[in-house]
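These are the residues of each chain, in order.
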Amino acid sequence: MTNHKTGTREEWLAARLELLKAEKELVRQSDELARQRQELPWVRVDKDYEFDTDEGKASLADLFKGRSQLLVYHFMFGPDYKAGCPNCSAIADVFDGMVVHLANHDVAFSAISRAPLAKLQAYKKRLDWRFPWASSNESDFNFDFNVSFTEEQQRAGIEYNYRREPSFIVSGIGDSLTTRGEGPVAEIAATTGTDVATFTRQRPGMSAFARDGDTVYHTYSAFSRGLDGLWAGYQWLDRTPLGRNETNNWWRRHDEY
């Protein structure tokens with residue numbers, strides 16, 4: 001901290017005004033990206049998916065709850081997990097406050113995971129969450145939207161985030177993700193009660209859908225670093241003197257600090 005460049009208020013203001021030009025350009029670029037997202041072609045969803053929800057069985061159309069748009073967060077919580085992914089949990093901490101605003105802008109929201117509904121409900125209770133969270137455990141939804149994978153797919157090399165990953169090899173450890181079973185991914189996997197292979201068969205993402213009458217369309221999906229903008233903590237940390245300052249897995253579930 002003490003080695004950082006210092007200056008006068010006048011020097012700070014001059015540098016800040018120069019940075020402001022770049023910030024304004026980034027905002028303009030973000031607006032243009034949003035416009036391009038909205039112009040993507042819509043793909044009709046013809047498969048019937050069934051989810052378990054707090055209200056009972058539901059179709060994908062039911063998750064819209066009468067609205068014309070639906071946002072889904074693909075939360076990493078597999079059937080074999082004992083707890084949800086801590087990264088996803090940090091992102092999800094803001095969902096409760098967001099849902100009511102989306103609903104009043106004709107947008108429904110739901111997290112979706114492969115874990116059985118009872119596990120999701122228990123985890124919600126633990127972390128005092130109230131947002132909608134559906135289980136897709138008995139459907140192909142997560143697999144079709146490229147956030148869940150089988151062991152066979154994993155061994156062959158999965159398609160995630162619009163690119164192909166190397167085969168998960170080295171006696172099931174997967175050096176493409178860890179250093180012979182060690183490192184950040186292994187540490188995070190342990191917090192969910194799984195090993196690296198089991199943990200990484202689920203992946204994070206978000207998807208957007210539109211409904212026209214009884215027809216549902218898939219309009220957009222993002223994965224991995226494409227979710228950074230949804231992590232509210234990152235947006236605040238990016239404005240601190242030290243930024244994200246990530247030297248290890250510093251985040252925790254909010255009841256573990």
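What counts and what doesn't
Residues numbered from 1 in each chain as written. Predicted model: local features only at pLDDT ≥ 70, side-chain atom pairs only at ≥ 80, totals over all residues. Heavy atoms only, no water. Helix = DSSP H or I, 4+ residues; strand = E, 2+ residues; numbered from the N terminus. Buried < 20%, exposed > 50% of the residue type's maximum accessible area, 1.4 Å probe, protein only. Contact = heavy atoms within 4.5 Å. Lys, Arg positive; Asp, Glu negative; His and termini not counted. Charge placed at Lys NZ, Arg CZ, Asp CG, Glu CD. pLDDT = per-residue confidence, 0-100. Polar contact = N/O pair within 3.5 Å; in protein donor to acceptor, adjacent residues only side chain to side chain.

Each helix and strand counted, the protein has nine helices and 10 strands in total. Burial status across the protein gives 40% buried among its 257 residues. Counting contacts in the protein only where the partners sit at least 6 residues apart, residues at least 24 apart contribute 62% of the total. For the protein, the centre of its 32 positive side-chain charges and the centre of its 38 negative side-chain charges are spaced 3 Å apart.

The next point concerns the confidence of the model for the protein. In the predicted model, the protein carries a mean pLDDT of 93, and the fraction of residues at 70 or more is 94%. Scored below 50 in pLDDT, residues 170–181 shows 22 contacts in the model against residues more than four places distant or in partner chains.

Checked against the element boundaries, arginine 253 lands in the segment after helix 9 (232–237). Looking at arginine 253, its side chain comes within polar contact range of the main-chain oxygen of glycine 84, at 2.7 Å. When near neighbours in sequence (up to four residues on either side) are disregarded, arginine 253 contacts Ala83, Gly84, Cys85, Pro86, Ser89, Tyr123, Arg126, Leu127, Thr191 and Thr192.

Even without being a glycine, asparagine 161 presents a positive backbone phi close to 55°. Position of asparagine 161 among the secondary structure elements: in the loop between strand 7 (159–160) and strand 8 (163–164). In this structure asparagine 161 comes out as partly exposed when scored by relative accessible area, which is 28%. In the Ramachandran plot, asparagine 245 falls in the positive-phi region, its phi being about 50° despite a non-glycine side chain.

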